[in-house]
Amino acid sequence: MIITIDGPAGAGKSTVARSLASRLGFRFLDTGAMYRAVTLAILRAQLVDSDGEEIAKLARRLTIGMEADRVLLDGEDVTEEIRSEDVTAHVHIGADNQQVRSTLVQRQRQFATVGDVSGVVTEGRDQGTVVFPDAACKIFLTASDEQRAKRRQQDLARRGTQVSLKDVLTQQQERDARDRSREVGRLICAEDAVSVETDNLTLDQVVDHLVQLVLAKDASSPSRAARGTSDH
Ligand code: DC
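This is a predicted model, so every value here is computed, not measured.

This part takes up the environment of serine 144. By the secondary structure assignment, serine 144 is in the loop between strand S7 (137–142) and helix H8 (145–158). Taking relative accessible area as the criterion, serine 144 reaches 25% and is therefore assigned partly exposed. C-alpha of serine 144 to C-alpha of threonine 161: the two residues are 17 residues apart in sequence and 23 Å apart in space. Discounting chain neighbours no more than four positions away, the residues touching serine 144 are Glu197 and Asp199. At 2.8 Å, the side chain of serine 144 and the side chain of aspartate 199 are in polar contact.

Below, the structure written as structure tokens:
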């Protein structure tokens, strides 16, 4: 079973998706981390100003490992480094490149087919629309701009970077605009996704709600009906 969680930056997708995956015994895929790993490689190779073809070639060469909670770039653990301000500021270079996207989309689909677990929770911007259009359960996670900016500010402070709420809000608006207007894989709620607003909910409340949605989808899925199984 594939569960997609899409939504804007700061809506709490990673925490929610990770927690949902652990509750269900599913694998978890953070696709934003894959775009971030490509960005780190672009920065290290000093390809920020190169043409799209060069960047696409680099992305195809890279090995990106997503193991447990760690992100490995050509075998090196870059879990913390990919969250830096520099990577965040340049992440659009890979995300706007259609060849990079198609390389990563292919790898995301592969991730969902390996391993012997019953399901995958995958989060990003285009998981329910482009990568897994037939996913059994699609969620679109949102929160108010203010709430998302506060979370990002706290997250940065935990990493030792102090940024004013106003600056975080400005960066967030720029990133939202890019994410929503990108030609391919732009941030948009899939027609068959359930939209969930997290402003006034705790993490546990959000995850409880999603577990209920997943169980309801699973109970009504054609494959379950064909197997003649029920929840009782
Ligand atoms: O979720 P995040 O902030 O770690 O994602 C980093 C960037 O990667 C985000 O600005 C947009 C891009 N991204 C994307 O284009 N498609 C995805 N499936 C996931 C992330």
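Now that the structure has been shown, the text picks up again.
As a further point, take the nonpolar core. Side chains that are nonpolar tend, in soluble globular proteins, to be buried together. Ranked by internal contacts, the top residues of the largest apolar core, which has 29 residues, are Val38, Ile64, Met66, Val71 and Leu73. When contributions to this core are tallied by element, the ones reaching two or more residues are helix H2 (31–44), helix H3 (52–61), strand S3 (64–67), strand S4 (70–73), helix H5 (92–95) and helix H6 (98–113). For this core, the element with the most residues is H2, which contributes 9 residues. Once you skip the residues sitting within four places of it in the chain, isoleucine 64 turns out to touch Met34, Ala37, Val38, Val71, Leu72, Leu73, Leu104 and Arg107.

Attention shifts here to unusual backbone geometry. Generally, phi is negative for residues other than glycine and the peptide bonds are trans, each holding for most cases. Even without a glycine there, the phi angle at glutamine 46 is positive, about 55°. The class for glutamine 46 is exposed, based on a relative accessible area of 71%. Its identity is not glycine, yet aspartate 74 carries a phi of approximately 45°, on the positive side. When you line up the elements, aspartate 74 lands in the loop between S4 and strand S5 (76–77).

Not every one of the 15 residues close to the ligand is listed here, only the nearest: Thr31, Arg36, Arg101, Asp126 and Arg175. Between threonine 31 and the ligand, the recorded distance is 3.0 Å, taken from a side-chain N or O atom to a nitrogen atom. At 2.8 Å from an oxygen atom of the ligand is found a side-chain nitrogen or oxygen belonging to arginine 175. Protein chains shield 95% of the accessible area of the ligand, which is 450 Å² for the free molecule. Mapped onto the shell around the ligand, the elements with two or more residues apiece are H2 and helix H9 (165–181). With 4 residues, H2 is the largest single contributor of residues to the shell around the ligand. When the residues that make up the shell around the ligand are grouped by side-chain class, the tally is 3 nonpolar, 4 polar and 8 charged.

Parameters and conventions
Along each chain, the written sequence defines residue order, and numbers are assigned to residues from 1. Totals for whole chains, interfaces and linings use every residue, but because this is a predicted model, local features are given only for residues with pLDDT of at least 70 and side-chain atom pairs only at 80 or more, for both listing and counting. Heavy atoms throughout the structure, all of them, feed into the side-chain values; hydrogens and water do not. A run of H or I in DSSP becomes a helix once it reaches four residues, and a run of E becomes a strand once it reaches two; helices and strands are each numbered from the N terminus. The cut-offs for exposure are 20% and 50% of the maximum accessible area for each residue type, with area from a 1.4 Å probe on protein chains only; residues under the lower value are buried, those over the upper are exposed, and the others partly exposed. When checking whether two residues touch, look at their non-hydrogen atoms; a contact exists if any pair is within 4.5 Å. Identification of polar contacts relies on pairs of N or O atoms within 3.5 Å, with a donor-acceptor requirement for protein atoms, meaning one able to donate a hydrogen and the other able to accept it, and with residues adjacent in sequence counted only if both atoms are side-chain atoms. For our purposes a nonpolar core is just a set of buried Ala, Val, Leu, Ile, Met, Phe, Trp, Tyr and Cys residues, chained together by side-chain atoms within 4.5 Å. In these notes, residues near a molecule or strand are those with any non-hydrogen atom within 4 Å of it. Surface accessibility in these figures is a Shrake-Rupley result with a 1.4 Å probe; residues are shielded only by whichever protein chains are displayed. The residue classification treats Ala, Val, Leu, Ile, Met, Phe, Trp, Tyr, Cys and Pro as nonpolar and Asp, Glu, Lys and Arg as charged. All others, Gly included, are polar.

So far we have only geometry, and geometry alone does not tell us how the molecule works.
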